[in-house]
Amino acid sequence: MTATEALRPTAPAPASPQRRPARHWTEPSTWFAAPALLFFAALVIAPIVVVIVLSMMDWNGISAPEFNAAGNWGELATDSGLWHSVWVSLQVMILCWVVQTPISILLGVYVAGKQKHRAVLAALFFLPLVLSSTGIGIVWRNLVDPEFGVLPALGLPGLNLLGDAHFALYTLIFVVSWQFIPFHTLLYQAGVRQIPAQLYEAAELDGAGPVQKFFLVTLPQLRNTIVTSSTLMLVGSLTYFDLFYVLSEGGPGDATRILPVNMYVTGFQQYQLGYASAIALLLVALGTALSLGLTKYSGFARMRSEQEGA
C-alpha cells in the first residue's frame, strides 16, 4: 500500500443488524396462577355461593326448597341453642390454647436437642399425627368406657367421663390436645433450631442459667412461631367435628355441642338444611374474623425470619 492510498479516507463499514435484547423474566406471568385459581373457584368459591343461596331457603333435603328470604338469619339471632354452641366453641378454643401452647413449647425445646434418645422420643411422640381422627375417637371412647375401659380393667371404679356433663368437655379437650400437641411441638422444635447459638453463648457469658436462657433468649426468639401456632390452633378449634361427634355426639345433652356438631345435627338429623347452611356461614364468618384479627393485631403480617443471616 502506497502512502497516498494510506492517507485516503476509508468508507465506513456497513452497520451490523441491531440485535433485539433478550427478554428477561422479572416476574412470573399471572397466567401461571390460573390453574390454582380455577381449583380455588371450583372447590371454595362455588360451594360458598351454593351455601349462601341455601341459607335463604327452607329445605329438608327431599322436597323442593322454598325461598324464605332472611328467615333463617332471623332465627339465628333468637336460637338459644345456637348461642350455647358458640359459647362451647369459645371454651374449646381457649382451653385448647391454654393446654396445648405451654406443653408444646416445652416439648419442642426438649426434642430440639441433639441427643439420640430425644430423636427416638420425638419419633414415637409424633405418632398421633399419622392416625385418623375417627380412629382416635373410637379408641379413646373405649378407653374411658366406665364398664369396659382402662379403670375397670385395673380393678378401679369406672368414671363416666363422657356421660357426665361436668367432665365431658374436659375429656374431649384432653383427647384433642393429645392428638394435636405433636404438630405444634414440631413447629416449636423447628423454631428452636433456628435460634443462633451465639445468643446462648452470650447469655452464658453474662451468667444466665438454663431457666434464664429459656425466658430471656428462647421465648423472645419464638415469638413468630408462637403467633403462627396460636393462629392455627385457635382457628382450627372452630373446625373440630370428627373427634367430638365420635366421642360424644355433642352430649350429654348439649354439653359438648360445638358449632360444627350443631350444624351437622341441624342439617342431617333435624333435616333443616337451609338453617344449617346459615350456621355454616356463621362459622365461616367467625373463622375469617378470628384469622384476620390475629393477623392484624399479633404482628403476623410483619413477621420476618429471625434466623441468623436471613
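To be clear, the structure that these remarks concern was listed above.
Residues numbered from 1 in each chain as written. Predicted model: local features only at pLDDT ≥ 70, side-chain atom pairs only at ≥ 80, totals over all residues. Heavy atoms only, no water.

Enquirer: I tried to follow the environment of Q272 on my own but got confused; where do I start?
Expert: Mapped onto the elements of the fold, Q272 is located in the loop between helix 13 (259-268) and helix 14 (273-297). Residues Q272 and D58, 214 residues apart in the sequence, show an inter-C-alpha distance of 7.3 Å. (Helix = DSSP H or I, 4+ residues; strand = E, 2+ residues; numbered from the N terminus.)

Enquirer: Would you take a moment to explain a nonpolar patch on the surface for this structure?
Expert: Taken together, the side chains of V120, L124, L127, L129, V130, L131, F174, W178, F183, L186 and L232 define a hydrophobic patch exposed on the protein surface, amounting to about 1,000 Å² of accessible area. Only helix 5 (116-125) and helix 8 (168-193) provide two or more residues apiece to the nonpolar patch. It is helix 8 that provides the largest number of residues to the nonpolar patch, a total of 4 residues. Among the secondary structure elements, F174 is positioned in helix 8. (Patch = residues over 30% accessible without salt bridge, like charges linked within 9 Å, V, L, I, M, F, W, Y side chains within 5 Å. Areas by Shrake-Rupley, 256 points an atom, 1.4 Å probe, with all protein chains shown as cover. Salt bridge = Lys/Arg side-chain N within 4 Å of Asp/Glu carboxyl O.)

Enquirer: How should the layout of surface pockets be read in this particular structure?
Expert: Roughly 420 Å³ of volume is contained in the largest pocket. Around the largest pocket, the lining is made up of 15 residues, and of these V109, A112, V192, Y200 and T218 lie nearest the centre. Those elements that place two or more of their residues in the lining of the largest pocket are helix 4 (80-111), helix 8, helix 9 (197-205) and helix 10 (210-221). Across the lining of the largest pocket, the residue classes tally to 9 nonpolar, 2 polar and 4 charged. (1 Å grid on protein atoms, 1.4 Å probe; cavity = no way out; pocket = protein on both sides within 12 Å on 5 of 7 lines; lining within 4 Å. Points joined across faces, edges and corners; volume = space filled by probe spheres on them. Nonpolar A, V, L, I, M, F, W, Y, C, P; charged D, E, K, R; others polar.)

Enquirer: In this structure, what is going on with helix 10? I would like to understand it.
Expert: Here helix 10 spans 15 Å end to end across 12 residues, near enough to the 16 Å set by a 1.5 Å rise per residue. Of the residues making up helix 10, those classed as buried are K213, F214, V217 and T218. The buried side chains of helix 10 occupy one side of the element, clustering within an arc of 125 degrees when seen end-on. For helix 10, exposure combined with an orientation more than 90 degrees from the buried face picks out V211 and L216. Buried-residue contacts for helix 10 involve helix 4, helix 8 and helix 9. (Expected span 1.5 Å × (residues − 1). Buried < 20%, exposed > 50% of the residue type's maximum accessible area, 1.4 Å probe, protein only. Arc of directions from axis to C-beta. Contact = heavy atoms within 4.5 Å.)

Keep in mind these numbers describe shape, not what the thing actually does.
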